[in-house]
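Structural characterization, general
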Amino acid sequence: MTTTSSADIAIAATGISKRFGGALAVDDVSLRIAPGEIHSIVGENGAGKSTLMRVMAGIIESDSGSVEVFGTPVDPGTRAAIDAGIALVHQELSLVPEMTVAENILLGAFPTRFGFTRYKDLKEIAANALAEIGVSVDLDERVSRLSVALRQFVEIARAVARQPKVLILDEPTATLTPAETDYLLRMLSRLAEGGMAIAYISHRIPEVFEISSKVTILRDGRQVLTAPIADLTPQEVIDNMVGRELKEDLQTHRDATPGEVVLRATDIEAPRVNSVSLEVRAGEIVGLGGLVGAGRSELVRAIIGADNRTAGRVTLTQNGRSVTLSSYTSAVRNGVGYVPEERRTDGLALIMTVSDNIRLPNRQQLSRFGIKAPRKIAEFAQELADKVGLRPPEIEREAGQYSGGNQQKVVLAKWLGRRPDFMVLDEPTRGVDVGAKAEIHRLVKEMADNGTAVLVVSSDLPELLELSDVIHVMRDGRITGSLTREDATEQSVMTLAAGEAEAVA
Ligand SMILES: Nc1ncnc2c1ncn2[C@@H]1O[C@H](COP(=O)(O)OP(=O)(O)OP(=O)(O)O)[C@@H](O)[C@H]1O
Ligand SMILES: [Mg+2]
């Protein structure tokens, strides 16, 4: 490819390659984004999207290739990238929970022209950045007290505060509801109209079609194509991502014949949870719908004892034997599995290998099966890794070296092997690509078919509708309504979630 870097291109990345150990994560990729253009980068989990963006933002050094901003070469390194006007919103939240909103926005590097600015002025910059993206949040509030969605917006404000020429967003909508997503997309379009060049990563194909003018598709680190979005259909994008024709999942609902009640939660009270009762039967998938902040994660965490509850009782019944769940440790010992919302902090030991992560909750099970030999254990872990479609399927790699979506698969794999009696999944396919998502849905249904009682929280309405036998919708810490499979539609869930007074913004 020729390197005719024109000065009207906001950012030009040319011939970027990046190798990790033996594997090429990014293989000779070139990307040019004009001012005012929103350019989406799509691809399956592990395709190299985040790696390419991290190279462009100077966070990691590439093995070859160059980055230019308006025709001026940018040296490797975050400092140089920031000074050149490149800002990155990371795939995983990177805020410091103990610090305030203002401190977080101002944290780390600003272009050096702000070098002499006093804190008071910086606070004004933070306020302006929030105003610019139209989000009202108290600058002195601790980030730990904010909802996940608000944290995401603070993260974006931090990038916007630097008044970048190039804004890179790595899956910013993964944690957002449809209404919040719409809001963000409108905001990005506005920023682009103001001349910003935007690189946008998402697994949600409809979004990509909604906001981008161009799209680049990566597969196994290689650039499959770059084209105006108008030249492609969603199906063509997906086919190019996976490199084969992805069969439309027939969305077959299971013929659920739920058995006895396995999990009974009665009058649960916890912060943001007001007197909630629910039951989950063997072989049943119960969905929890609602807007982010409705108290769903808080409820499931209180049920399994991951957070304290102030009142209420939880019993787990299996083969006629009931136990009262008091702590998370006792819950896990008694056959409860949990895939948390925040996989990086709660779900995975990032510095341990995939194999060790999978074995961790499975030790009991393994010895029950008489599996003690290391080779057998490795086989067992490999089998589970294959089952969830881990890519690459190298179980002796550290979990932290896997792409975001693949880390989610590891969390799932570690519980699959244990066959829990009661399984809680909080946003199980967040950040997971379309192919892997269908696969995970299949695995969750299979778990239920094998008799596990499943409770799933999801903000992804099609997912919630596809998986659930019954959906409880929460708002303000209460269940505001329950829908059977026959009654559940995106509309009926959203109406209960938003309340009749507030229309979905
Ligand atoms: N620090 C690292 N060490 C080793 N390998 C890595 C590291 N970071 C990424 N990789 C590998 O590089 C490849 C590309 O990963 P990357 O995170 O860029 O994918 P992605 O397209 O962002 O995927 P996702 O959609 O899951 O976020 C993967 O095979 C991944 O395992
Ligand atoms: Mg990524």
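Structure shown above.
Below: a short report on this structure. Just so it is clear, the structure is predicted and the values come from calculations on it, not from any experiment.

Right, let's get into helix α8 (residues 234-242). Residue pairs three or four apart in sequence face the same way in an α-helix, which turns once every 3.6 residues. Looking only at α8, the buried set comprises V237, I238, M241 and V242. On an axial view of α8, the arc spanned by its buried residues comes to 120°, and they lie on one face. As for α8, its buried residues are in contact with β3 (38-42), α7 (205-211), β9 (214-219) and α16 (434-449). Positive backbone phi, approximately 75°, marks G243, located one or two places after α8.

Attention shifts here to the coordination of the magnesium ion (ligand 2). Protein coordination of the magnesium ion (ligand 2) is provided by S50 (OG) and Q91 (OE1), with donor distances spanning 2.0 to 2.3 Å. Of this pair, S50 sits in helix α1 (residues 49-56) while Q91 sits in the loop between β6 (86-89) and α3 (101-106); the two residues are 41 residues apart in sequence, bridging distant segments of the chain.

Attention shifts here to the pattern of salt bridges. The final tally for this structure, using the stated rule, is 18 salt bridges. As a salt-bridge pair, R145 and E141 come within 3.2 Å of each other at their nearest N and O atoms. Taking relative accessible area as the criterion, R145 reaches 60% and is therefore assigned exposed. Here E446 makes a salt bridge to K387, at a shortest N to O gap of 2.8 Å. Of this pair, E446 sits in helix α16 while K387 sits in helix α14 (residues 374-387), and the two are 59 residues apart along the sequence.

Another aspect to go through is the site of ligand 1. Of all residues adjacent to ligand 1, which total 20 residues, the nearest are G46, K49, S50, T51 and S403. In this structure, A47 approaches ligand 1 through a main-chain N or O atom, which is 3.2 Å from an oxygen atom. At 2.8 Å, a backbone N or O of G405 approaches an oxygen atom of ligand 1. For ligand 1, whose unbound accessible area comes to 640 Å², protein coverage reaches 87%. Among the elements of the structure, α1 and α15 (404-416) are those that each provide at least two residues to the shell around ligand 1. Of the residues forming the shell around ligand 1, the biggest block, 3 residues, is contributed by α1. Here the residues of the shell around ligand 1 are counted per class, giving 5 nonpolar, 11 polar and 4 charged. Counting the residues that make up the shell around ligand 1, at least three belong to each of domain 1 (11-242) and domain 3 (345-419).

Moving on, we get to the pairing of strand β7 (residues 166-170). In regular strands, side chains alternate between the two faces of the sheet. In terms of burial, β7 is largely enclosed, as 5 of its 5 residues are buried. Taking every second residue as pointing to the same face, both faces of β7 are buried, with V166, I168 and D170 on one and L167 and L169 on the other. Summarising the sheet, β6 and β7 pair through 4 bridges and their orientation is parallel. Across the sheet, residue V89 finds its bridge partner in β7, namely L169. Taken together, the 5 bridges between β7 and strand β8 (residues 197-201) define a ladder with parallel strand orientation.

Spatial ordering of the open sheet is given by β12-β11-β14-β15, a layout of 4 strands whose pairing is antiparallel. The open sheet is flanked by β12 (273-281) and β15 (321-324), the only strands paired with a single partner. Each strand axis lies, on average, 15° off the axis of its neighbour in the sheet, ignoring direction. Bridging between strand β14 (residues 311-318) and β15 involves 4 bridges; their strand directions are antiparallel. Across the sheet, residue Q318 finds its bridge partner in β15, namely R321.

For the pair α15 and α16, interaxial distance at closest approach is 12 Å and the crossing angle is 20°. It follows from the interaxial angle that α15 and α16 lie roughly parallel. Crossing geometry of α15 relative to α16 is assigned as left-handed. Every residue of α16 that contacts α15 at K409, L412, W415 and L416 is listed here: A436, I440, L443 and M447. The residue inventory of the contact of α15 with α16, partitioned by class, reads 7 nonpolar, no polar and 1 charged.

Here the bond from R391 into P392 is cis, since omega is -10°, no more than 30 degrees from zero. Secondary-structure assignment places P392 in the loop between α14 and α15. Even without being glycine, S275 reaches a positive phi, approximately 45°. Exposure remark for S275: the relative accessible area of 37% places this residue in the partly exposed category. The phi torsion at N319 lies on the positive side, around 50°, for a residue other than glycine. By the secondary structure assignment, N319 is in the loop between β14 and β15.

Moving on to the environment of Y328. For Y328, the position within the fold is in helix α10 (residues 328-333). Judged by relative accessible area, which is 29%, Y328 ranks as partly exposed. Residues contacting Y328, with those up to four places away along its chain left out, are I304, G305, A306, Y338 and W415.

Taking 1.5 Å per residue, 16 residues should reach 22 Å; helix α6 (residues 178-193) reaches 23 Å between its end C-alpha atoms and fits that length. Along α6, the positions that sit buried rather than exposed are A179, E180, T181, L184, L185, M187, L188, L191 and A192. Residue G195 follows α6 closely and has a positive phi angle near 105°.

Definitions and cut-offs
Residues numbered from 1 in each chain as written. Chains lettered and ligands numbered in written order. Predicted model: local features only at pLDDT ≥ 70, side-chain atom pairs only at ≥ 80, totals over all residues. Heavy atoms only, no water. Buried < 20%, exposed > 50% of the residue type's maximum accessible area, 1.4 Å probe, protein only. Helix = DSSP H or I, 4+ residues; strand = E, 2+ residues; numbered from the N terminus. Arc of directions from axis to C-beta. Contact = heavy atoms within 4.5 Å. Donors = N, O, S within 2.8 Å, 3.2 Å for Na, K, Ca; no water. Salt bridge = Lys/Arg side-chain N within 4 Å of Asp/Glu carboxyl O. Near = heavy atom within 4 Å. Polar contact = N/O pair within 3.5 Å; in protein donor to acceptor, adjacent residues only side chain to side chain. Areas by Shrake-Rupley, 256 points an atom, 1.4 Å probe, with all protein chains shown as cover. Nonpolar A, V, L, I, M, F, W, Y, C, P; charged D, E, K, R; others polar. Domains from an automatic or database assignment. Pairing = 2+ DSSP bridges. Axes fitted to C-alpha atoms, helices over the stretch in contact; angles between N-to-C directions. Parallel < 35°, antiparallel > 145°, perpendicular 65-115°, else oblique. Left-handed = near helix turned anticlockwise from the far one by under 90°. Expected span 1.5 Å × (residues − 1).

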